[in-house]
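Spelled out, the chains give:
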Amino acid sequence: MSPLLISLKVACWVTVLILPPGVLLGLLLARGDFRGKSLIETAATLPLVLPPTAVGYLVLRMLGRYGPLGEPSLGFDLDLLFTWKGAVLASCIMALPLVVRTARVAFEEVDPRLEGIARTLGLGRVRTFVEITLPLARRGLLAAAVLGFSRALGEFGATVIVAGSIPDRTQTLALAIFSDMQIGHDREAMTLVAVTVVLAFAAVFTVEILLRKRPRSA
Amino acid sequence: MTPWMLADITLPLDRFTLTVRWETSHAALGIFGPSGAGKTSILESIAGLRRAARGTIRVGGETWLDSSRGIVRPPERRGVGYVPQDGLLFPHRDVLGNILSGTRRAGRPGALRVDPERALEVLELGDLRHRDVSSLSGGERQRVALGRALCSGPALLLLDEPLGSLDQPLRRRILPYLLRIQKEFAVPTIYVSHEATEITLLSHEVLILEAGKEVARGRPQEIFIDRAIYPMARAGGFENLLTGRVVEASGAVATVELEPGMRVTVAAPDQVAGREVIVAARAEDFILAVYPPTGLSAQNILAGEIREIRQPAANDSSSGEAGAAGQVVVVVEVGRLAAPLLATITAQACRQLALAPGGRIHLVCKANSFHVLATR
């Protein structure tokens, strides 16, 4: 599989997997008022400030033979190390802080009094979230998804440690550029760079277009 | 009459603890008080939006809150139609979308049923139904918020200064809609305002709130002219309100009969003879005359008897707003009008005229100082 397809596959999976917990965590941090909130907040931000290689190394040790998630401890093999799924896992962890923070801001920008009004109009908690909060936060949530996708697309440090850089299997665009550059394949590296530019442009441009449409529901 | 509502609420706020208790059988209750008195907190507690509220709330035989028994009914199951000061329309829905937001609950048995089309008609929103709410004017937004609350099948309407964000002329244009809603849909209402006139028009009973405590309660027309409450009512734009019937209307003026033989001329265009109206005049717009004056341009002279003269309190300058300090309030009984009229004059004028309770007096008022507030 080409680096482009591997990158797209990984980034799409990351976006799909990271959104539900990321949005939920963002909502919890925006609306919740509980003990240990700052602790969760800090923990969710950690991957943003740690060196990606440190995160990758931690994941490697956890999944490794003697780690708590290794085959001997679990009794079965998760089969994540040095597979594209491992790249997804690494990128998920690296993308989480961006998604959570963006989702949190998106929810914080929704006036909680609007949710209160919805409740008085007979909408329960869940309906209020689905009919009022979610549509009003959708721009920010969309931005969160794109940020998560982009972060996964560009992920290098953690991925290279957890998934390696195996051509046709785990070698994403970011990894392939580095590898081509190392062995002096400058033209190939440049081509891949061009591909990433087009990809990034398309992603950001799509969001711009989507955001320009006025939010509206029938 | 059995009380349809009982409320006994305790809610700790930043500056004081709100404690109010009332039972009422009146379908229209007003809550009046200066800003920061805790009026909105009362409504939010009734709506179920204040989790810290303790006590008892019973509406129409249903218990919404009973802390002693651990009953806290969630807001979506209380059935209130809440209209906040700023409308709080859903920005992602158009006018109709907003109005229909709460209609799912309206199908419930026992709930007030308001046909959305009828609401659009009464509130004159029909032409705006597909408009984006961000393009509406302040008055239109409040009408949409009213419609949304009405169509949600409310057992109780909570109106939190619904005209508060509008300027005076606009308030006067929206007021008739509120009166029309009361008449047309007969839903119990709690009306919160710091405007004495609105409260008087829209409620049968008023609770005066100051720093989280009830200081008085009773019929608005009696309470607002009470010696202790009047300064507050005055700060809230007190006006003398008179009910009457238009007997003659021509061009820019109308003649209104307040009681048989007592007529006033009012500057009010587009009136129709036979209509019941409420006219208003501010206390400072009356001129007092000891003898019947003649040769005046002022169109109205009402003869009455002084019931009471209220001298300004010694510390009035510190408590009253600018212009109110040092004013004497003369309470005048006119004919068999439901409430006495209040006129304010300077202490100097009061001394010069040697006014005393029981004395005959004439209230002079220009047609332009009387205005028609609403039609009944």
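Keep in mind that this is a model prediction, so the values were computed, not measured. (Residues numbered from 1 in each chain as written. Chains lettered and ligands numbered in written order. Predicted model: local features only at pLDDT ≥ 70, side-chain atom pairs only at ≥ 80, totals over all residues.)

**A closer look at the overall build of chain A**
Next, step 1: A count of helices and strands for chain A gives 10 helices and zero strands.
Next, step 2: The order of helices and strands in chain A, counted from the N terminus, is α-α-α-α-α-α-α-α-α-α.
Next, step 3: The dimensions of chain A, computed from C-alpha atoms along their principal axes, are 65 × 45 × 30 Å.
Next, step 4: Counting over 218 residues, chain A shows a buried share of 40%.
Next, step 5: In chain A, 76% of the contacts between residues at least 6 apart in sequence involve partners at least 24 apart. (Helix = DSSP H or I, 4+ residues; strand = E, 2+ residues; numbered from the N terminus. Buried ≥ 20, exposed ≤ 12 C-beta atoms within 10 Å, placed from the backbone. Contact = placed C-beta atoms within 7 Å.)

**Observations concerning the overall build of chain B**
Next, step 1: Helix and strand counts for chain B come out as 11 helices and 21 strands.
Next, step 2: Projected onto its principal axes, the C-alpha coordinates of chain B cover approximately 65 × 45 × 40 Å.
Next, step 3: The buried share of chain B, reckoned over its 376 residues, is 45%.

**Considering the packing of helix α5 (residues 84-108) of chain A against helix α7 (residues 125-154) of chain A**
All names here are of chain A.
Next, step 1: One way to put it is that α5 packs onto α7 with a least axis distance of 8 Å and a crossing angle of 155°. In this view, α5 runs roughly antiparallel relative to α7, as classed from their interaxial angle. Relative to α7, the crossing made by α5 is right-handed. From α5, S91, M94, A95, L98, V99, T102, A103, V105, A106 and F107 reach across to α7, where they touch T133, A137, G140, L141, A143, A144, L147, G148, R151 and A152.
Next, step 2: For the contact of α5 with α7, a count of residues per class yields 14 nonpolar, five polar and one charged. (Axes fitted to C-alpha atoms, helices over the stretch in contact; angles between N-to-C directions. Parallel < 35°, antiparallel > 145°, perpendicular 65-115°, else oblique. Left-handed = near helix turned anticlockwise from the far one by under 90°. Nonpolar A, V, L, I, M, F, W, Y, C, P; charged D, E, K, R; others polar.)

**Focus: the pairing of strand β20 (residues 360-365) of chain B**
Residue and element names in this part refer to chain B.
Next, step 1: Of the two faces of β20, only one is covered, namely that formed by I361, L363 and C365; the face formed by R360, H362 and V364 stays uncovered.
Next, step 2: Here three bridges tie strand β16 (residues 287-289) to β20, and the two strands are oriented antiparallel to one another. Bridge pairing links L288 to L363 in β20.
Next, step 3: Where strand β17 (residues 300-310) lies against β20, six bridges are found, and the strand directions are antiparallel. The partner of L302 across the bridge, within β20, is L363. (Pairing = 2+ DSSP bridges.)

**Comments concerning unusual backbone geometry**
Next, step 1: Phi is positive for D79(A), which is not a glycine, with a value near 55°.
Next, step 2: Note that D79(A) resides in the loop between α4 (71-74) and α5.
Next, step 3: Located in the positive-phi region is A186(B), a residue other than glycine, with phi close to 45°.
Next, step 4: Tracing the backbone shows A186(B) in the loop between α6 (168-185) and β9 (189-193).

**Looking at the interface of chain B and chain A**
Next, step 1: Between chain B and chain A, the residue contacts involve 18 residues of the former and 16 residues of the latter.
Next, step 2: Only β7 (80-83) and α3 (103-106) of chain B provide two or more residues apiece to the side of chain B that touches chain A.
Next, step 3: The residue inventory of the side of chain B that touches chain A, partitioned by class, reads eight nonpolar, five polar and five charged.

**Digging into the environment of L78(A)**
Next, step 1: Among the structural elements, L78(A) can be located in the loop between α4 and α5.
Next, step 2: Sequence-wise, L78(A) and R104(A) are 26 residues apart; in three dimensions their C-alpha atoms are separated by 32 Å.

**Things to note about helix α9 (residues 173-182) of chain A**
Working note: α-helix, 3.6 residues per turn, so residues spaced by three or four point in the same direction.
All names here are of chain A.
Next, step 1: The complete set of buried residues in α9 reads L173, A174, L175, A176, I177 and D180.
Next, step 2: Against α1 (3-31), α7, α8 (157-162) and α10 (186-212) lie the buried residues of α9.
Next, step 3: Directly after α9, the chain includes G184, whose backbone phi takes a positive value near 80°.

**Brief notes about the domain arrangement of chain B**
Residue and element names in this part refer to chain B.
Next, step 1: Taken domain by domain, chain B consists of domain 1 (5-235) and domain 2 (240-375).
Next, step 2: Inter-centroid distance (C-alpha atoms) of domain 1 to domain 2 is 31 Å.
Next, step 3: On the domain 2 side, the residues contacting the 14 residues of domain 1 number 17 residues.
Next, step 4: Secondary structure elements with two or more residues in the side of domain 1 that touches domain 2: α6, α7 (196-202) and α9 (230-235). (Domains from an automatic or database assignment.)

**As for the sheet that holds strand β13 (residues 253-259) of chain B**
Residues and elements named next belong to chain B.
Next, step 1: Within the open sheet, the five strands sit side by side as β14-β13-β12-β15-β21. Their pairing is antiparallel. Two strands lie at the open edges of the sheet, namely β14 (262-267) and β21 (371-375), each paired on one side alone. The mean angle between the axes of side-by-side strands here comes to 45°, regardless of whether they run parallel or antiparallel.
Next, step 2: Examined bridge by bridge, strand β15 (residues 276-281) and β21 share four bridges and lie antiparallel to one another.

**Focus on the nonpolar core**
The tendency in soluble globular proteins is for nonpolar side chains to be buried side by side.
All names here are of chain B.
Next, step 1: Counting residues in each nonpolar core, the largest one holds 167 residues, and the members touching the most others are L158, V279, A343 and L363.
Next, step 2: Viewed by domain, this core spans two of them, domain 1 (5-235) and domain 2 (240-375), each represented by three or more residues.
Next, step 3: Apart from residues no more than four positions distant in its own chain, A343 is found in contact with A283, F286, L288, V330, V332 and L363. (Core = buried A, V, L, I, M, F, W, Y, C linked by C-beta atoms within 7 Å.)

**Notes on the sheet that holds strand β18 (residues 327-333) of chain B**
All names here are of chain B.
Next, step 1: Ordered by their spatial adjacency, five strands build an open sheet running β16-β20-β17-β18-β19, and the pairing between neighbours is antiparallel. A single partner strand is all that each edge strand has here, and the edge strands are β16 and β19 (341-346). Strand-to-strand, the axes of this sheet are offset by a mean angle of 45°, without reference to chain direction.
Next, step 2: The pairing of β18 with β19 spans six bridges and is antiparallel. What sits directly across from V331, in β19, is L342.

**Comments concerning the packing of α1(A) against α7(A)**
Residue and element names in this part refer to chain A.
Next, step 1: Between α1 and α7, whose axes approach to 8 Å, the crossing angle comes to 140°. When the axis of α1 is compared with that of α7, the two are oblique. The two elements α1 and α7 cross, and the hand of that crossing is right-handed. Touching S7, V10, A11, V14, T15, I18, L19, G22 and V23 of α1 are L141, A144, A145, G148, F149, A152 and L153, all from α7.

**Digging into the environment of L170(B)**
All names here are of chain B.
Next, step 1: Of note, L170 is situated in helix α6.
Next, step 2: Note: C-alpha distance between L170 and E333 (163 residues apart in sequence) is 32 Å.
Next, step 3: Residue contacts for L170: discarding those within four places in its chain leaves G138 and G139.

**Topic: the confidence of the model for chain B**
All names here are of chain B.
Next, step 1: Per-residue confidence for chain B gives a mean pLDDT of 90, with 96% of residues at or over 70.
Next, step 2: Confidence drops under a pLDDT of 50 for residues 317-323, and excluding neighbours within four residues, the segment shows five contacts in the predicted structure.
Next, step 3: In the predicted assembly, ipTM is 0.84 and pTM is 0.85. (pLDDT = per-residue confidence, 0-100.)

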